[in-house]
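Here's the letter readout for the chains.
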Amino acid sequence: MYANKADSLKKVLSGIDNKQMHAHIVLGIGDAYDDEKKHDTAVFYYNKAVAEFSVLKLDTLVMQTLFSEAQSLKKAGRHTEAQERYEQAIAIAKRSGRVQDQIRYLYKSAGLYETQGYYHLSADRYKETIALADLNGMKSDEANIYNRLAWVYNMLGEHERAITSITESTRIYDSLNDVSGVLGAYNSLSVIYSKQKRYNEALHYAMLTDSLTKVAKLTTMNALANMAIIYKNMGEYEKSASISRKILESDLEDKFTVMCVHSNLIAPLAALGDHKGAKEHFRKCEEMNRRLFQDVFVHIENNKEMAKAEMIAGRMDSALRFAHTYAALCKEHNMLNDEYKDCYTLLADIYKKKGDIDNALRYMKEFVDLQDTLFRKSRNNELAEAEIRLKLVDKNRTLDVLVKENELHKVKGERLAILMGLGGLVVIIGAGSYRRTLRKNAQLKKQKQIIDDQLSQLAIASEMRSKFYANMSHELRTPVTLLSGMLELMKNEGDSRRPEKLDIAYNNSRKLQYMIEEILDLSRLEKSETKLNMRSVVVAPLLRRIVFTFESFIQKKGLELAYADDSITGLHIQVDENKFEKIINNLIFNAIKFNKEKGSIAVKAYRAGNALYIEVRDTGVGISEKDVPYIFERFYQSSSGKNAEGVGIGLSLVKEFTELLGGTVNVTSTPEHGSVFSLSFPLAEPVISQHVTEDPHGDMPQWQLPVDGCSVLIVEDNAEMRYYLKEILGSKVTIAEANNGVEALHWLENNTPDLIISDIMMPQMDGEEFVAMLKRTDTLRKIPVIMLTALAASERQLALLRLGVDDYIVKPFNAEELQARVYNLLNNYAARKEFILQSAEPDDIQAESPEADEFRRKVTEFVLSRLKRSDVSVYDLAYELAMSERHLHRTARSLTGYSPSQLIKEVKLQKAYELLQSGEINKIDDVARRVGFEKASYFSQQFFDRFGKRPSAFL
């Protein structure tokens, strides 16, 4: 039908003489081809219609046709051209004062930037649209755009801004009495919180949405469906399945929601052991999707969920089929992104459980390669956004200049008419007018020059950043290649050069760690998140320690080191030791890197007036005169010679850290003769900083056991890790070992340890399966368990705690941290056993019973609901649980080994650990207040006693 329409219009076109009618028919042909999805042909006719309307000076029709062309270009995947048409349409709407059209086109332009992954540009354009809607009182449009802006912020990882945008959207909808809008905003809040793994807040807004839906007597089940997903993500499979079944029993007419509910039931039913039911809901979902929707996202999610379900059931071959389908679909539809990159880790997990280590390693490598690709794609998007910004600035500058020149021409014309009418008398006025015109021209020229300079600076900055990313990619690949290569070569046990290769691997791992630390430092500086732990330090021993750390490395390079600090004995400076050390490390490392063969490095520290001066001198290649003014700028690199190595951030960090510490840095250099970097810091009195700090050298309570003869079972497949754990625990405990969960269960048939330490990833039976078996066995479930995990994600840790693990520790960890955890658990376990033995009352709750689990849940919910209060008392807890204080004390002791007050503190400290690990809060004072501790110093000590690690270690 559409092709006939286009052909019919083309036949009519040849006989039309009226130019406006001709242009309208050309536009109609474009619409017909667009409806037929022949977008490239449609664009040709739209372009022709724009040209004809432009000749007729019909701006409104030009604008509308440009918009239609942009939409067609977008459908054709020609996004850059589509964005150009949007810009042209926006300019006409702005010029003609058509506000509604301007808002519409800005909104579409922002949406296209979002589709392209240019989230910063998209956010800027949405904000521009919001400002225009607000200015013109278009509140409903404003609320809708705030809602969309929130999702862009969510993609950027700016979660607080996302929540602020949704909250503003909700406020506007509420003022308009728009119940549907408020429901949508609440639902968006729930989904955004869920994506951040903040499930309690997500659940709150999902329940609020459901309540409001019932009040408004709406039939939608979206809120309930969302609640089922949240409960699934929380591991509350019974609740998730129950809600999903309720939706299916309601005879909901919204078939898409019904289909999604079938998909959401797969994982909970599999986790609950109903594998037949999981498969049945998979089948129903796939059938509905094939018959009604053909939605590729649903198809992908189904195969992902089914792969996990079959893995849980132990049917690995079937799990692999679904997982491979999941990965193939992601690849086919170009969806190997942050949302679906876990397809490779899922394959690796299944192969590992199947015992196929080679394929498991293969897919882990695929995952790492994908991470690298996504990182480069993200950086390329940032560079593309910078280039687009430059072009927009250039166009706006040109437009402004043209407008001003047009105004100038009008002024000239008006003055010329006056001169012609008044004759010679106006010559004097004309002369004055001419001078004013010259001045205006000069101002315009000056403004144009300023804009040109800014554009030039932006272009240079963009080029430097581009070089930085390219160089960083190269620099990271080198140590990774050497690290993995040397380790692969060392697989040969008979290799006589094994120590040498191990040395290379170790050195490159350190180099990689150092480079990553530099990138993180730069990121913190850009976000103004760098935290200083300033204190007055004696500078001589600190500087000497830093310098002589390099001594053996310098000698290995065939260089000489000279050091002098005679005149600074006893002097203090006020610095952050960590930042000061990075400054000196960077300068010495550069002196080594850019030195000549058999060259020398001299470090000299001396006092001059009220300042300390430190010089780092080398006999290296030097820095060219033209490079010296820019050497401390971010991403700057010399264009020639050996100085072109590196990524261009080391010296910029030196300068910025030095200035943060109140100092200065300068450089003098002679090419081919070397460089001298000079630092200066003001001297300080030996006083304690007023900032809240922690003593980084504070002593751990002496490693001792609560009772003699404690035994610990270590379940770990890595022999070196078992050895390390035994070295940490020493000879004070009796240690038994098992390679995996199967061996551990066999040993436990005849033995009962006081504590179990288990890894997660192990062959035959992993740590999670092992703990699940423990908790199902009456004689074993009361033994405390510490789980070792390499995954720092809070959802993983939450899953472990729900499984019944008493504590977890994230790799890498130090000896003090593990000792603190072991001490606390053994102490509480001993106290609990003693209390149960002493208790003769028949109504005591047995440890690890279902009643005990419920008690623990209620206590945790109560403390978390009053988290910020420092005065939560045992009386409050007893009142909440409807117990006497005496009964509460007895129950808490028999269950946990804690007194009620200790239990309250334990919940608070666990929450603090979660907050610090998530990176959500980055000040110790704020964490302390957030979990109800009045004094940060007391909080830090309690945290250290509990976890063997200070809060500052997370910042």
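The coordinates are above.
Residues numbered from 1 in each chain as written. Predicted model: local features only at pLDDT ≥ 70, side-chain atom pairs only at ≥ 80, totals over all residues. Heavy atoms only, no water.

K.L.:
What is the right way to read the sheet that holds strand β9 (residues 734-738) from this model?
P.N.:
Each strand in a sheet pairs with another by means of backbone hydrogen bonds, the pair being arranged parallel or else antiparallel. Strand order in the open sheet formed by 5 strands is β9-β8-β10-β11-β12, and the pairing between neighbours is parallel. Strands at the two margins of the open sheet, each flanked by one partner only, are β9 and β12 (807-810). Geometrically, the sheet is characterised by an average inter-axis angle of 20 degrees between neighbouring strands, direction not taken into account. Here strand β11 (residues 785-789) runs beside β12; their pairing, made up of 4 bridges, is parallel. Bridged to Met 787 within β12 is Tyr 808. Of the strands in this sheet, β8 (711-715), β9 and β10 (755-759) are in contact with helix α27 (residues 741-748), which crosses β8 at around 155 degrees. (Pairing = 2+ DSSP bridges. Helix = DSSP H or I, 4+ residues; strand = E, 2+ residues; numbered from the N terminus. Axes fitted to C-alpha atoms, helices over the stretch in contact; angles between N-to-C directions. Contact = heavy atoms within 4.5 Å.)

K.L.:
Looking at this structure, I do not really get a nonpolar patch on the surface. What am I missing?
P.N.:
A contiguous nonpolar patch, built from Phe 256, Leu 292 and Phe 293 and spanning about 230 Å² of accessible area, is present on the exposed surface. Looking at the element boundaries, Leu 292 is found in helix α15 (residues 275-293). Assessed through its relative accessible area of 39%, Leu 292 is described here as partly exposed. (Patch = residues over 30% accessible without salt bridge, like charges linked within 9 Å, V, L, I, M, F, W, Y side chains within 5 Å. Areas by Shrake-Rupley, 256 points an atom, 1.4 Å probe, with all protein chains shown as cover. Salt bridge = Lys/Arg side-chain N within 4 Å of Asp/Glu carboxyl O. Buried < 20%, exposed > 50% of the residue type's maximum accessible area, 1.4 Å probe, protein only.)

K.L.:
Can you walk me through the pairing of β10 in this structure?
P.N.:
Note on strand geometry: in a regular strand, side chains alternate between the two faces of the sheet. By the criterion of burial, β10 is predominantly enclosed, with 5 of the 5 residues buried. With 4 bridges connecting them, β8 and β10 associate as parallel partners. In the sheet register, Leu 713 faces β10, and the bridge partner there is Ile 756. Bridging between β10 and β11 involves 4 bridges; their strand directions are parallel. Directly across from Ser 758, in β11, lies its bridge partner Met 787. Crossover β10 to β11 through helix α28 (residues 767-775) is right-handed. (Right-handed = clockwise from strand over helix to strand, strands pointing away.)

K.L.:
Help me understand the environment of Val 50 in this model?
P.N.:
Here Val 50 is to be found in helix α3 (residues 39-55). The spatial distance from the C-alpha of Val 50 to the C-alpha of Val 62 is 5.2 Å, given a sequence separation of 12 residues. In contact with Val 50, other than residues within four places in its own chain, are Val 62, Thr 65, Leu 66 and Glu 69.

K.L.:
Sorry, what's going on with unusual backbone geometry here?
P.N.:
With the exception of glycine, the majority of residues adopt a negative phi angle, and the majority of peptide bonds are in the trans configuration. One non-glycine residue, Lys 37, lies in positive phi territory at about 70 degrees. Tracing the chain through its elements places Lys 37 in the loop between α2 (19-35) and α3. Non-glycine residue Asn 177 carries a positive phi angle of around 55 degrees.

Remember that the coordinates give geometry; whether it matters functionally is a separate question.
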